[in-house]
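# Summary of the model geometry
Given next are the chains, with one letter for each unit.
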Amino acid sequence: MRITDLVEMLKPKRDHISFCVEGARGSFKTTHLYGMYDEVVNAGYETIFAYDVEDIDVCDCLFLDDFGTKFYKRDSSTKQNKEFMKLLQEIRTNISVIVASTPDLSLMDKDFRNFFIDAHILRKGVISVSGIIIEVNPPSMDLFNDLKKIEHERRENRFKSVLYSLRAPKKNIIYI
């Protein structure tokens, strides 16, 4: 089965599927998401590749890269997480296919884990979603490089934001 087959099957019914590809760093999670994204875009579906919540909108297929870090289980009571969980309950009739990635599902808040079907990379180009085999072609090099650039810029900005927020403000010291 192809990712476009899922969109074609679910979109007319206004139904949905959401699954999360999990795996260790370097296991090609993001590359598989890029490949699926490339396929869905080339098929002409409205598609979003989101790195953060503000990237999300109504579409046919939504990709949420590394969302285990954004909805970390110890942050479950934050206003953003609560609101996003409510939104996920409404998303079912607005987005046919949601594909996320995370290093480990246990990093995510329980409500988010329950929303996604666990998916595993069996080998390069093959993902298993509850026994459904999804074949994935590699993305084009141009798309891969463009999305990687965006990913690295976003990670750097988030890193700096957290780093700067952790730094203690310098006190004004007056020497006499």
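No experiment lies behind these values; they were computed from the predicted model shown.

Scoring rules and cut-offs
Residues numbered from 1 in each chain as written. Predicted model: local features only at pLDDT ≥ 70, side-chain atom pairs only at ≥ 80, totals over all residues. Heavy atoms only, no water. Helix = DSSP H or I, 4+ residues; strand = E, 2+ residues; numbered from the N terminus. Buried < 20%, exposed > 50% of the residue type's maximum accessible area, 1.4 Å probe, protein only. Contact = heavy atoms within 4.5 Å. Areas by Shrake-Rupley, 256 points an atom, 1.4 Å probe, with all protein chains shown as cover. Salt bridge = Lys/Arg side-chain N within 4 Å of Asp/Glu carboxyl O. Patch = residues over 30% accessible without salt bridge, like charges linked within 9 Å, V, L, I, M, F, W, Y side chains within 5 Å. Disulfide = S-S within 2.5 Å. Phe/Tyr/Trp six-rings, centres within 6.5 Å; stacked < 30°, edge-to-face > 60°. Pairing = 2+ DSSP bridges. Axes fitted to C-alpha atoms, helices over the stretch in contact; angles between N-to-C directions.

On to the overall build of the protein chain. Per the secondary structure count, the protein chain includes five helices and seven strands. For the protein chain, the N- to C-terminal ordering of α and β elements is α-β-α-β-β-α-β-α-β-β-β-α. Expressed as a percentage of the 176 residues in the protein chain, the buried residues total 44%. Long-range contacts, defined as pairs at least 24 residues apart, comprise 68% of the intrachain contacts of the protein chain with a sequence gap of at least 6. When the accessible surface of the protein chain is summed, it comes to about 10500 Å², and 52% of that surface belongs to carbon and sulfur atoms.

With that settled, consider the pattern of salt bridges. Between side chains of opposite charge, a pair can form as their charged atoms come close. All chains considered together, the criterion is met by eight salt bridges. Here E39 makes a salt bridge to R2, at a shortest N to O gap of 2.9 Å. Here E39, found in helix α2 (residues 29–42), pairs with R2, found in the segment before α1 (3–10); they are 37 residues apart in sequence, far enough to count as distant. In this structure, E39 and R2 share a single accessibility class: buried. Across the pair R2 and E135 runs a salt bridge whose closest N-O atoms are separated by 3.9 Å. You can see R2 sitting in the segment before α1 and its partner E135 sitting in strand β7 (residues 132–135), a full 133 residues away along the chain. Judged by relative accessible area, E135 falls into the partly exposed class, the value being 41%. Where salt bridges share partners, they join D66, K148, E151 and R155 into one cluster.

Here the focus is a nonpolar patch on the surface. A cluster of nonpolar side chains, M1, M9 and I132, forms an exposed patch at the surface whose accessible area comes to about 230 Å². Among the structural elements, I132 can be located in strand β7. You can call I132 partly exposed: its relative accessible area is 33%.

As a further point, take the state of the cysteines. Applying the stated criterion across every chain, the model contains zero disulfides. Take C59: it sits in no disulfide, and the sulfur closest to it among the cysteines is that of C61, at 6.9 Å.

The subject of this paragraph is the packing of aromatic side chains. Enumeration according to the criterion identifies seven aromatic pairs in this entry. With 5.6 Å between their ring centres and 80° between their planes, Y34 and F144 make a pair best called edge-to-face. Placement of the pair is Y34 in helix α2 and F144 in helix α5 (residues 141–166), with a sequence separation of 110 residues. Of the residues examined, F144 reaches a relative accessible area of 21% and is grouped as partly exposed. Ring geometry for F115 versus F116: centroids 5.2 Å apart, planes at 85°, classification edge-to-face.

Our focus in this paragraph is the sheet that holds strand β2 (residues 47–50). Taken in spatial order, the seven strands of this open sheet run β2-β3-β4-β1-β5-β6-β7, and their pairing is mixed. Edge positions in the sheet fall to β2 and β7, since each has one partner strand and no second. Across this sheet, the average inter-strand angle for adjacent strands is 25°, counted without regard to direction. Here α1 sits on the sheet in contact with β1 (17–22), β3 (61–64), β4 (97–102) and β7, set at roughly 140° to β4. Across the sheet, α2 is in contact with β1, β2, β3, β4, β5 (117–123), β6 (126–129) and β7; its angle to β2 comes to roughly 160°.

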